[in-house]
Amino acid sequence: MMFRGHYEHTIDAKGRTSLPARFRHGLPAEGDTRLVIAPALADPCLDVYPMEAWEAFEAKVAQLPKWDRDTVLLRRRYVSAAVEAELDKHGRILVPAPLREHAALAKDVLWAGVGTTMELWAKARWEDAQHLDDAQLEQWRSAIAEKLNL
């Protein structure tokens, strides 16, 4: 399952937001509507995983050396902060208050499909993150070309 595109939605005062219909169609056909929401480590947004993708991630984490400092921090800052959420009958999820605070989710939100997972952003923060000056854009293009061997 791959998630692509970005979609604007809102989040209500209780912390509920709708998962875009296209993303709902990307969930497993077996009807597993559980998602895992975690505070992104690199950006002021939330990472959202279908349960199957989260379990694959947890399996990789379980293979890491237990006492390695980076592993300990990953488990404490990311894995322990993750919350399981389930879509309600209206296709909404409840984002807990600490995660809403991390991503500054208030009213206007944006869902971004980033491959096997999704990101949930405050719309204004998404727009800010998209701005690169010419030098940053050229540096990014070069780095991506190198990583993709283009």
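Everything below is about the structure printed above this text.
Bear in mind the structure is a predicted one, so any value in this text is a computation, not a measurement. (Residues numbered from 1 in each chain as written. Predicted model: local features only at pLDDT ≥ 70, side-chain atom pairs only at ≥ 80, totals over all residues. Heavy atoms only, no water.)

Trainee: Kindly report on the overall build of the chain, identifying the contributing residues and their values.
Mentor: Scanning the chain from N- to C-terminus turns up six helices and eight strands. Compactness check: the chain gives a C-alpha radius of gyration of 16 Å against a globular reference of 15 Å for 150 residues, within 12% of the reference. Taking the principal axes of its C-alpha atoms as reference, the chain extends roughly 45 × 40 × 30 Å. A total of 150 residues make up the chain; the buried ones form 35% of that total. Considering only residue pairs separated by 6 or more positions, the chain has 61% of its internal contacts joining residues 24 or more positions apart. Summing over all exposed atoms, the chain offers an accessible surface of approximately 9500 Å²; the carbon and sulfur share of this is 51%. For the chain, the distance from the average site of its 20 positive side-chain charges to the average site of its 23 negative ones is 5 Å. (Helix = DSSP H or I, 4+ residues; strand = E, 2+ residues; numbered from the N terminus. Rg over C-alpha atoms; globule rule 2.2 N^0.38 Å. Buried < 20%, exposed > 50% of the residue type's maximum accessible area, 1.4 Å probe, protein only. Contact = heavy atoms within 4.5 Å. Areas by Shrake-Rupley, 256 points an atom, 1.4 Å probe, with all protein chains shown as cover. Lys, Arg positive; Asp, Glu negative; His and termini not counted. Charge placed at Lys NZ, Arg CZ, Asp CG, Glu CD.)

Trainee: Give a description of the side chain of Asp-47 that names residues and reports values.
Mentor: Summarising the element assignment, Asp-47 is placed in strand E4 (residues 46–50). Although buried, Asp-47 forms no salt bridge, and the nearest oppositely charged side chain, Arg-125, lies 12 Å from it. For Asp-47, the side chain forms a polar contact with the side chain of Tyr-78, separated by 2.6 Å. (Salt bridge = Lys/Arg side-chain N within 4 Å of Asp/Glu carboxyl O. Polar contact = N/O pair within 3.5 Å; in protein donor to acceptor, adjacent residues only side chain to side chain.)

Trainee: Describe the sheet that holds strand E3 (residues 34–39), with residues and values.
Mentor: Strand order in the open sheet formed by six strands is E1-E7-E8-E4-E3-E5, with antiparallel pairing between adjacent strands. Pairing within the sheet leaves two strands with one partner each, and these edge strands are strand E1 (6–10) and strand E5 (83–86). Mean inter-strand twist for the sheet, computed between neighbouring axes without regard to direction, equals 30 degrees. As paired strands, E4 and strand E8 (residues 118–122) are joined by three bridges and run antiparallel to one another. Of the residues in E8, the one forming a bridge with Leu-46 is Leu-120. (Pairing = 2+ DSSP bridges. Axes fitted to C-alpha atoms, helices over the stretch in contact; angles between N-to-C directions.)

Trainee: Outline the packing of aromatic side chains, listing residues and values.
Mentor: Following the criterion strictly, the structure yields eight aromatic pairs and no others. On the numbers, 4.9 Å between centres and 80 degrees between planes, the contact of Tyr-49 with Trp-54 is edge-to-face. Assessed through its relative accessible area of 10%, Tyr-49 is described here as buried. Between Phe-57 and Tyr-78, the aromatic rings sit 5.6 Å apart at their centres with planes inclined by 80 degrees, giving edge-to-face as the arrangement. Of this pair, Phe-57 sits in helix H2 (residues 51–62) while Tyr-78 sits in helix H3 (residues 69–79), and the two are 21 residues apart along the sequence. Put simply, the rings of Tyr-49, Trp-54, Phe-57 and Tyr-78 pair up and form one aromatic cluster. (Phe/Tyr/Trp six-rings, centres within 6.5 Å; stacked < 30°, edge-to-face > 60°.)

Trainee: So, a nonpolar patch on the surface: which residues are in play, and what are the values?
Mentor: A cluster of nonpolar residues, Leu-132, Trp-140, Ile-144, Leu-148 and Leu-150, forms a patch on the protein surface that exposes about 550 Å² of accessible area. Locating Leu-150 in the fold gives a position in the segment after helix H6 (134–147). (Patch = residues over 30% accessible without salt bridge, like charges linked within 9 Å, V, L, I, M, F, W, Y side chains within 5 Å.)

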